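Each chain, letter by letter, is given below.
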Amino acid sequence: RVPVVARLVGEEFFRAMARIYIEREPPRSAVLIRYGVSFADFISSFAPAASLPYLADMARLEWAWHAAYHAEDVAPVPLAELAGAVDRAEDVVLTLHPSLGVVRSPYPIVSIFALNTQAGDVPPTQLDGGEDALVVRPRLEVEVRRLPQGGASFILALKAEKSLGEAAASALGKAPGFDLEANLAGLITSGAIVGV
């Protein structure tokens, strides 16, 4: 379930780390679909993994991918219905897809994820800066996208059932460069809006 984490640390290290995790937190149910939710927290306190400080966030991103893959299927809202909500945009409350997850990181996890999910050898890279990820599966494939400035705050406010106006104000307060139109367009094109 965490192939990028395994690729980053190598098969032998990963197997040893996973064995220790299983010993500390054995499955408590025969339904294993939810097993591993605490793996990222385990990694963040696992001293031998300290040389890869982004590894726990990568595990969080892969868990969000896993959760999105298994989430309920819901059709995105038709564009005509979204267009009709423009008149009351300030007060409109958007319902987001049940598969949608946001992972915030001070590391470039979306870029690292993309590099490690392509076929062949991973080219050496120098990556700097944090990236927030949007993970969603409105159709057949799970998508992982890098969010623009303020996007994570905006989406998390929408998930908390804040109105569009409240969510935008919250994002602007945390990221002065927040662009409402660009962030809304990203949600629309990713099929993340399922109700108005």
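One numbering rule holds for all chains: residues counted from 1, following each sequence as written. The predicted origin of the model limits local features to residues at a pLDDT of at least 70 and limits the giving and counting of side-chain atom pairs to 80 or more, whereas totals for whole chains, interfaces and linings rest on all residues. By convention in this description, side-chain values take in all heavy atoms of the structure and omit both hydrogens and water.

Colleague: Got a sec to walk through the sheet that holds strand S2 (residues 101-103)? Specific residues and values, please.
Modeller: One key point about sheets: their strands pair by backbone hydrogen bonds, in either a parallel or an antiparallel sense. An order of S2-S3-S4 is seen for the three strands of this open sheet, with the pairing classed as antiparallel. Each edge of the sheet is formed by a strand with only one pairing partner; in this case those strands are S2 and strand S4 (143-146). On average, each strand axis in the sheet is tilted by 25° relative to the strand beside it, whichever way the strands run. Should DSSP find at least two bridges between two strands, the strands are regarded as paired. Here a helix means four or more residues in a row that DSSP labels H or I, a strand means two or more in a row labelled E, and each is numbered from the N terminus. As defined by bridge partners, S2 adjoins strand S3 (residues 133-136) across three bridges and the pair is classed as antiparallel. Its bridge partner being in S3, Val 103 is matched across the sheet by Ala 133. Here helix H4 (residues 55-69) sits on the sheet in contact with S2, S3 and S4, set at roughly 25° to S3. To obtain an axis, a line is fitted to C-alpha atoms, over the contacting stretch when the element is a helix, and the angle between two such axes runs from 0 to 180 degrees between their N-to-C directions. The contact criterion used throughout is that any non-hydrogen atoms of two residues lie within 4.5 Å.

Colleague: Can you explain the packing of helix H7 (residues 151-159) against helix H8 (residues 164-174)? Please cite residues and give values.
Modeller: The interhelical angle for the contact between H7 and H8, taken along N-to-C directions, is 145°, at an axis separation of 8 Å. Handedness of the crossing formed by H7 with H8: right-handed. For the pair formed by H7 and H8, the contact residues are Ser 153, Phe 154, Ala 157 and Leu 158 on the first element and Leu 164, Ala 167, Ala 168, Ala 171 and Lys 174 on the second. Helix crossings fall into two classes, left-handed where the near helix is turned counterclockwise from the far one by less than a right angle and right-handed where it is turned clockwise.

Colleague: Which residues make up unusual backbone geometry, and what are the values?
Modeller: The phi angle at Glu 161 is positive, at roughly 65°, despite the residue not being glycine. As for its placement among the helices and strands, Glu 161 is situated in the loop between H7 and H8.

Colleague: Describe the nonpolar core, listing the residues and the values that go with them.
Modeller: For the purposes of this section, nonpolar cores are sets of buried Ala, Val, Leu, Ile, Met, Phe, Trp, Tyr and Cys residues that join through side-chain atoms within 4.5 Å. A simple rule labels every residue: compare its accessible area, found with a 1.4 Å probe on the protein chains alone, to the largest value its type can have, and call it buried under 20%, exposed over 50%, or partly exposed in between. Judged by nonpolar contacts, the single largest core of 31 residues is most densely connected at Val 5, Phe 14, Met 17, Phe 39, Ile 43, Met 58 and Leu 61. Looking at this core, the elements that each hand over two or more residues are helix H1 (3-9), helix H2 (11-24), helix H3 (39-44), H4, helix H6 (109-116) and S3. Here this core gets seven residues from one element, more than from any other, and that element is H4. Core analysis: the second largest hydrophobic core is formed by 24 residues, Ile 155, Ala 157, Leu 158 and Leu 164 among them.

Colleague: So what's going on with the packing of aromatic side chains? Residues and values would help.
Modeller: To pair, rings of Phe, Tyr and Trp, with the six-membered ring standing in for Trp, must have centres within 6.5 Å; the planes then decide the type, stacked if under 30 degrees apart, edge-to-face if over 60, and tilted in the middle. As enumerated under the stated definition, the model contains 10 aromatic pairs in all. Here Phe 154 and Phe 178 contribute two aromatic rings whose centre-to-centre distance is 5.2 Å and whose plane-to-plane angle is 45°, an arrangement assigned as tilted. Note that Phe 154 is positioned in helix H7 and Phe 178 in the loop between H8 and helix H9 (180-189), a separation of 24 residues in sequence. Judged by relative accessible area, which is 8%, Phe 178 ranks as buried.

Colleague: Requested: an account of the pairing of S3, with residues and values cited.
Modeller: A two-sided burial pattern is seen for S3, the buried positions comprising Ala 133 and Val 135 on one face and Leu 134 and Val 136 on the other. Sheet topology note: the S3/S4 ladder contains four bridges and is antiparallel. What sits directly across from Ala 133, in S4, is Arg 146. In this antiparallel pair of consecutive strands, S3 and S4, the connection spans six residues.

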